[in-house]
Amino acid sequence: MRHKSKGYLNQAMHFFTPELYIQFNSSDAEIADKADEAWEVALQEYQHHLERIRPAMPPQVAKISELGLHDAEVLKLQQEVEILPYSFPLATIINLKQGREILSLIYILYAPTRSYSAKDGWHFSKLRKHWLYDEFDTQSSKGSLFLHRILFSDGSVLEIPFLFVITSSFRLPGEDENEISRQIA
């Protein structure tokens with residue numbers, strides 16, 4: 001199985017595909033075992049891909065490529081928010097909750113995002129959207145244009161063509177912090 005980056009015009013995921021995810025979670029042990037092997041190959045190939053493109057990534061892009069956002073709950077997803085009184089640049093904003101951490105990812109776009117609906121056979125919950133897997137790619141030889149593809153738990157894939165990304169996070173108070181606040185009040 002050989003994955004190649006095919007760019008913005010090629011839809012959806014290249015390594016962690018919805019089809020592979022469906023197979024990986026199959027109730028048929030033979031299908032799941034084969035998918036497990038294919039998943040391991042995809043992981044290795046994606047790591048090699050990241051190692052190849054990481055030198056071209058500015059620090060903020062490298063930082064989000066290293067985040068482990070698997071199973072983070074999507075609180076809000078705003079695609080193509082106009083941030084200036086021009087048609088571009090637009091932004092895509094994703095707000096996530098992972099454990100007690102709230103994280104905002106603000107992408108400044110160089111082209112419109114693309115959304116892809118769940119593939120046939122997607123039988124996982126669509127009630128609360130979670131981040132499953134993501135992939136990064138570059139769109140220029142100098143690495144100044146990037147692509148972030150995200151597979152969500154509802155089976156949809158979001159493809160974000162971006163110039164740079166801004167992150168912001170804060171920690172929600174924990175039980176101990178709430179107790180301390182009540183005692184002080």
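Residues numbered from 1 in each chain as written. Predicted model: local features only at pLDDT ≥ 70, side-chain atom pairs only at ≥ 80, totals over all residues. Heavy atoms only, no water.

### With respect to the overall build of the protein
- The secondary structure content of the protein amounts to 4 helices and 7 strands.
- In the protein, which comprises 185 residues, the share counted as buried stands at 42%.
- Relative to all contacts within the protein whose residues are 6 or more apart in sequence, the contacts with residues 24 or more apart total 62%.
- By element, 52% of the accessible surface of the protein is carried by carbon and sulfur atoms, the whole surface being about 10500 Å². (Helix = DSSP H or I, 4+ residues; strand = E, 2+ residues; numbered from the N terminus. Buried < 20%, exposed > 50% of the residue type's maximum accessible area, 1.4 Å probe, protein only. Contact = heavy atoms within 4.5 Å. Areas by Shrake-Rupley, 256 points an atom, 1.4 Å probe, with all protein chains shown as cover.)

### Things to note about the pairing of strand β2 (residues 90-98)
- Within β2, 7 of the 9 residues are buried, which leaves it mostly tucked inside the rest of the structure.
- Across 8 bridges, β2 lies against strand β3 (residues 101-109) in antiparallel orientation. Note that in β3 the partner of Ile94 across the bridge is Leu105.
- Between β2 and β3, which pair antiparallel and follow one another directly, the connecting turn spans 2 residues, one of which, Gly99, has a positive phi of 65°. (Pairing = 2+ DSSP bridges.)

### Considerations on the side chain of His148
- Mapped onto the secondary structure, His148 falls in strand β6 (residues 146-152).
- Exposure remark for His148: the relative accessible area of 1% places this residue in the buried category.
- Among the polar contacts made by the side chain of His148, one reaches the side chain of Tyr107 at a distance of 2.8 Å.
- If sequence neighbours within four positions are ignored, His148 has contacts with Ile64, Tyr107, Trp131, Asp134, Glu135, Phe136, Leu158, Glu159, Ile160 and Phe162. (Polar contact = N/O pair within 3.5 Å; in protein donor to acceptor, adjacent residues only side chain to side chain.)

### Overview of the pattern of salt bridges
- Tallied over the entire structure, the rule returns 7 salt bridges.
- Where Glu30 meets Lys34, a salt bridge forms, and the shortest distance between an N and an O atom there is 3.6 Å. Highlighted residues: Glu30 and Lys34, both in helix α2 (residues 29-53), separated by 4 residues, approximately one helical turn. Pair check on accessibility: Glu30 and Lys34 agree, each one exposed.
- Connected through salt bridges with shared partners, the residues Asp137, Arg149 and Glu159 form a single ionic network. (Salt bridge = Lys/Arg side-chain N within 4 Å of Asp/Glu carboxyl O.)

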